[in-house]
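Structural description and commentary
Next come the chains, spelled out residue by residue.
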Amino acid sequence: MKRQATFGILATKCAFTMVVVAGCGDVRYRDGIVAKEAVERIQLTGDVGVVDVVPGDSAKIEYAVRAPEGAASVQSAEKGGVLSTVARCHTPVLCSVDVQVHVPVGVSVEVDLGLGEVWSTGVEDLGISVGQGDVDVDTNGNATVQVGQGSVRVKASGSENIR
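Residues numbered from 1 in each chain as written. Predicted model: local features only at pLDDT ≥ 70, side-chain atom pairs only at ≥ 80, totals over all residues. Heavy atoms only, no water.

**Let's talk about empty space enclosed by the protein**
By the definition in use, this model includes one cavity of 30 Å³ or more. Roughly 50 Å³ of volume is contained in the largest cavity. Sorting the residues of the lining of the largest cavity by element identifies β2 (41-55), β5 (82-89) and β6 (96-103) as the ones contributing at least two each. Here the element with the most residues in the lining of the largest cavity is β2; it accounts for five residues. (1 Å grid on protein atoms, 1.4 Å probe; cavity = no way out; pocket = protein on both sides within 12 Å on 5 of 7 lines; lining within 4 Å. Points joined across faces, edges and corners; volume = space filled by probe spheres on them. Helix = DSSP H or I, 4+ residues; strand = E, 2+ residues; numbered from the N terminus.)

**Section: the confidence of the model for the protein**
Considering every residue of the protein, the mean pLDDT works out to 85; 83% of them sit at 70 or more. Across residues 1-23 the pLDDT falls below 50, and counting only partners more than four positions away or on other chains, this stretch makes 37 contacts in the model. (pLDDT = per-residue confidence, 0-100. Contact = heavy atoms within 4.5 Å.)

**Some points on the pairing of strand β3 (residues 60-66)**
In terms of residue burial, β3 counts as a mostly covered element, since five of its seven residues are buried. Pairing of strand β1 (residues 29-34) with β3 involves six bridges; the strand directions are antiparallel. The partner of Val 34 across the bridge, within β3, is Lys 60. (Buried < 20%, exposed > 50% of the residue type's maximum accessible area, 1.4 Å probe, protein only. Pairing = 2+ DSSP bridges.)

**Points about the state of the cysteines**
All told, the structure shown has one disulfide when counted by the stated rule. Across the disulfide, Cys 89 is cross-linked to Cys 95 (sulfur-sulfur distance 2.1 Å). Around the S-S axis, the bridge from Cys 89 to Cys 95 shows a dihedral of about -80° and counts as left-handed. Given the relative accessible area of 15%, Cys 89 is considered buried. The buried category is assigned to Cys 95, whose relative accessible area is 0%. (Disulfide = S-S within 2.5 Å.)

Below you can see the structure in the form of structure tokens.
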């Protein structure tokens, strides 16, 4: 139910513009990065989108760009034990980058998202910041969550810090 709400936010954003072009609902392209070496942390920074953080056998970030050509840029890197992706929208409408982050046991995750939703189930060490949107976390570890405007649901067996 929560996952459908995000698409409602983004669909409303698209409908508001009353323009029919590739964006918001249409996936322009998909890509990603898989860690070649062991990582200690996965970092994701984005402007607009839906982020799904899930357990995985290897550290991996997969993304789907929903934007007209040239409206979004995505840069990924692996350096010093950190796998990172930065997803930027260069236009305030008709742009989102949806991401799925695969997290091995013992790897921490940091997500900084401007507008959208972040969901996570089963990942142990999370740091999440969302400017506007919703966060839904169920973890057996630690979670630090900050949301400027929106809603938060956290179920953590470790420590939780919600702001």
